[in-house]
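Here are the chains, one letter per residue:
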Amino acid sequence: MDKKKKASRDRKITYLLLAAAVLLLLGSTIGSTRAALNYYSENYTAEITVSQIGVSLLENGQTVSSRDYDKDEWKVSTNKGGKSTSGALLKNMLEEGEKLALNKKYEEKLTVLNSGSIDEYVRVRIYKYWVKDGAKVTTLSPDLIDLNLVNQEKWVKNPDTSAECMELYYKGILPSGKESAAFADTIRIDGEVAAEAKIETKGNVITTTYKYDGVEFHVDVEVDAVQTHNAQDAIKSAWGVDAAKLGIL
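These numbers were taken from a predicted model, which means no experiment stands behind them.

### Quick word on the packing of aromatic side chains
Inference 1: In this structure the tally under the stated criterion is four aromatic pairs.
Inference 2: The interplanar angle of 70 degrees and the centroid separation of 6.2 Å between the aromatic rings of Trp130 and Phe217 together place this pair among those described as edge-to-face. Of this pair, Trp130 sits in strand E7 (residues 120-132) while Phe217 is found in strand E15 (residues 216-227), placing the two residues 87 residues apart along the sequence. No difference in accessibility class separates Trp130 from Phe217, as the two residues are buried.
Inference 3: Through successive ring pairs, a cluster of aromatic residues spans Trp155, Tyr170 and Phe183.
Inference 4: Sitting over the face of the ring of Tyr129, Lys136 holds its NZ or CZ atom 4.9 Å from the ring centroid.

Following this line, the structure appears as structure tokens:
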């Protein structure tokens with residue numbers, strides 16, 4: 001039984017690259033960052049070795065996180081260095097001492113690199129949400145976190161996804177060693193966030209409490225891929241979508 005399970009795992013070729021970034025809005029400074037790289041398996045099994053898989057997430061031309069199978073083990077590199085298995089977006093969004101400005105566009109060019117030795121189909125998932133004291137804030141819209149999407153002729157959006165969790169599919173094959181067109185180029189916090197306030201009046205005292213006081217905005221980016229062999233079935237099994245209908249094959 002153990003040998004069968006190990007053989008099955010060795011044939012799995014779908015993986016997840018997760019890079020997350022957190023920016024503290026109140027105080028306008030870079031806050032804590034968190035990210036993780038996780039390998040996960042799907043039902044689909046193909047006649048191909050896992051040693052050919054590899055993917056990297058790039059931010060403004062620099063690798064945030066990458067994962068490649070090399071010599072029977074995962075080789076991970078991140079912009080955090082050391083033995084860390086996590087990367088961090090938005091590390092250089094603000095200059096030292098710079099305050100975050102609402103409505104200002106900050107460069108945030110995001111691309112995917114096929115760092116493996118085989119051609120692949122690529123999917124990106126983008127999560128946008130607000131957090132306060134470790135809990136998600138549902139009263140602030142994820143639309144106020146404006147990650148500007150570009151090259152929509154190359155990145156097909158799944159119409160069944162939402163502003164909080166968007167899925168983008170790279171149209172066509174991303175060859176081994178090649179970098180995709182960017183799927184985002186700037187990020188901006190909409191000034192409307194400052195209009196979200198609660199006003200209380202007690203006698204002659206009027207108190208205004210902004211909903212964004214003490215909150216963080218989160219942008220998480222996941223990248224995963226499947227091989228081109230038997231692509232229609234592989235994509236259906238791994239991602240649960242009809243590649244032909246989406247127009248990504």
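Further notes follow.
### Topic: the pattern of salt bridges
Pairing is possible between side chains of opposite charge, provided their charged atoms come close.
Inference 1: Within the structure shown, the criterion is met by seven salt bridges.
Inference 2: The residue Glu167 makes a salt bridge to Arg123 at a minimum N-O spacing of 3.7 Å. With Glu167 in strand E11 (residues 165-170) and Arg123 in strand E7, the pair connects residues that are 44 residues apart, well separated along the chain.
Inference 3: The exposure class assigned to Glu167 is buried, which follows from its relative accessible area of 8%.
Inference 4: In this structure Arg123 comes out as buried when scored by relative accessible area, which is 4%.
Inference 5: Measuring nitrogen to oxygen at the nearest pair gives 2.9 Å for the salt bridge that ties Asp224 to Arg123. Taken as a pair, Asp224 in strand E15 and Arg123 in strand E7 lie far apart in primary sequence, 101 residues in all.
Inference 6: Here the salt bridges do not stand alone but share partners, grouping Arg123, Arg125, Glu167 and Asp224 into one network.

Basis of the calculations
Residues numbered from 1 in each chain as written. Predicted model: local features only at pLDDT ≥ 70, side-chain atom pairs only at ≥ 80, totals over all residues. Heavy atoms only, no water. Phe/Tyr/Trp six-rings, centres within 6.5 Å; stacked < 30°, edge-to-face > 60°. Helix = DSSP H or I, 4+ residues; strand = E, 2+ residues; numbered from the N terminus. Buried < 20%, exposed > 50% of the residue type's maximum accessible area, 1.4 Å probe, protein only. Lys NZ or Arg CZ within 6 Å of the ring centre and 35° of its normal. Salt bridge = Lys/Arg side-chain N within 4 Å of Asp/Glu carboxyl O.

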